[in-house]
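Structure assessment
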Amino acid sequence: MSPPAAAAGPPRRLADLPGIDAIELKALMKPGVADRDRRDEHPEVDAVAMEAFGLTLDDAEATPLPADWPDHLRDLHRRSPAELAEAFEAEGWDVTDARRKPLRTLPLFALPLALAARGVAGTLPFVAEPDHPETDWGASLKAEAGRFRKR
């Protein structure tokens, strides 16, 4: 599977996906929400993963990785948040907060994000392409028509 063509525009933000910002705020108030070992105490994390990626954290862990899975996305559960942020930046994703620090919940959502972004499992919400600035081709066409008539 080839890397996504993310360099075409600004990186997508993990915090902009449905529910991620709310669970990030909750993790700020209760750090246990972002603890991988305490996932069973916080079912809302799986609900957010399902809403944002179309799969739960357990589904993501049970998904076999393709043979051509890139090295920078291997062993995501063993990487530091800074390493994760760097790996996802290479994939065209901004996984940091407003202060450019990796999200607290990034270790939880790294694998589902990688699987969904690469089309292996789950899905990502649709994001429309940004509007293109309107060109003033009508004015130039009118000017060209005026020049044509004068000939």
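This text goes with the structure placed above it.
Quick notes on the rules
Residues numbered from 1 in each chain as written. Predicted model: local features only at pLDDT ≥ 70, side-chain atom pairs only at ≥ 80, totals over all residues. Heavy atoms only, no water. Helix = DSSP H or I, 4+ residues; strand = E, 2+ residues; numbered from the N terminus. Buried < 20%, exposed > 50% of the residue type's maximum accessible area, 1.4 Å probe, protein only. Contact = heavy atoms within 4.5 Å. Areas by Shrake-Rupley, 256 points an atom, 1.4 Å probe, with all protein chains shown as cover. Expected span 1.5 Å × (residues − 1). Salt bridge = Lys/Arg side-chain N within 4 Å of Asp/Glu carboxyl O. Phe/Tyr/Trp six-rings, centres within 6.5 Å; stacked < 30°, edge-to-face > 60°. Lys NZ or Arg CZ within 6 Å of the ring centre and 35° of its normal. Axes fitted to C-alpha atoms, helices over the stretch in contact; angles between N-to-C directions. Parallel < 35°, antiparallel > 145°, perpendicular 65-115°, else oblique. Left-handed = near helix turned anticlockwise from the far one by under 90°. Nonpolar A, V, L, I, M, F, W, Y, C, P; charged D, E, K, R; others polar. Polar contact = N/O pair within 3.5 Å; in protein donor to acceptor, adjacent residues only side chain to side chain.

Per the secondary structure count, the protein includes 6 helices and 2 strands. Ordering the α and β elements of the protein from the N terminus gives β-α-α-α-α-β-α-α. Buried positions account for 33% of the 151 residues belonging to the protein. Pairs at least 24 apart in sequence give 63% of the contacts found in the protein among residues at least 6 apart. Carbon and sulfur atoms make up 55% of the accessible area of the protein, which totals about 9700 Å².

The next subject is helix α5 (residues 106-117). The first and last C-alpha atoms of α5 sit only 15 Å apart over 12 residues, clearly below the 16 Å expected at 1.5 Å per residue. Within α5, 9 of the 12 residues are buried, which leaves the element mostly enclosed by the surrounding structure. Turning to α5, its buried residues are L106, L108, F109, A110, P112, L113, A114, L115 and A116. Looking one or two residues past α5, G119 carries a phi angle of roughly 75°, positive in sign.

What follows deals with the pattern of salt bridges. Applying the stated rule across the entire model yields 13 salt bridges. Taking the shortest distance from any N to any O, the salt bridge between R38 and E41 comes out at 3.1 Å. Overall, E41 belongs to the partly exposed group, its relative accessible area being 47%. Put simply, R100 and D94 hold a salt bridge, and the shortest N to O gap is 3.2 Å. Where salt bridges share partners, they join R13, D16, D94 and R100 into one cluster.

Below, the discussion takes up the packing of aromatic side chains. Enumeration over the complete set of coordinates arrives at 1 aromatic pair. Seen from their ring centres, F53 and F109 are 6.0 Å apart, and the 45° between their planes marks the pair as tilted. Of this pair, F53 sits in helix α2 (residues 43-53) while F109 sits in helix α5, and the two are 56 residues apart along the sequence. Its relative accessible area of 0% is what places F53 among the buried residues. Here R118 stacks its cationic end above the ring of W69, 5.9 Å away from the centre of that ring.

Let us now look at the packing of helix α1 (residues 20-29) against α2. Packing of α1 against α2 leaves a shortest axis separation of 10 Å and a crossing angle of 155°. Comparing their axes, α2 and α1 come out roughly antiparallel. Considering the relative orientation of α1 and α2, their crossing is left-handed. Taken together, the residues of α2 that come into contact with α1 (itself represented by I20, I23 and K26) are E44, V45, V48, A52 and F53. The class makeup of the residues in the contact of α1 with α2 is 6 nonpolar, no polar and 2 charged.

Mapping D94 onto the fold places it in strand β2 (residues 93-94). A polar contact is formed between the side chain of D94 and the side chain of T96, at a distance of 2.5 Å. Among residues more than four places away in sequence, those in contact with D94 are P11, R12, R13, L14 and R100.

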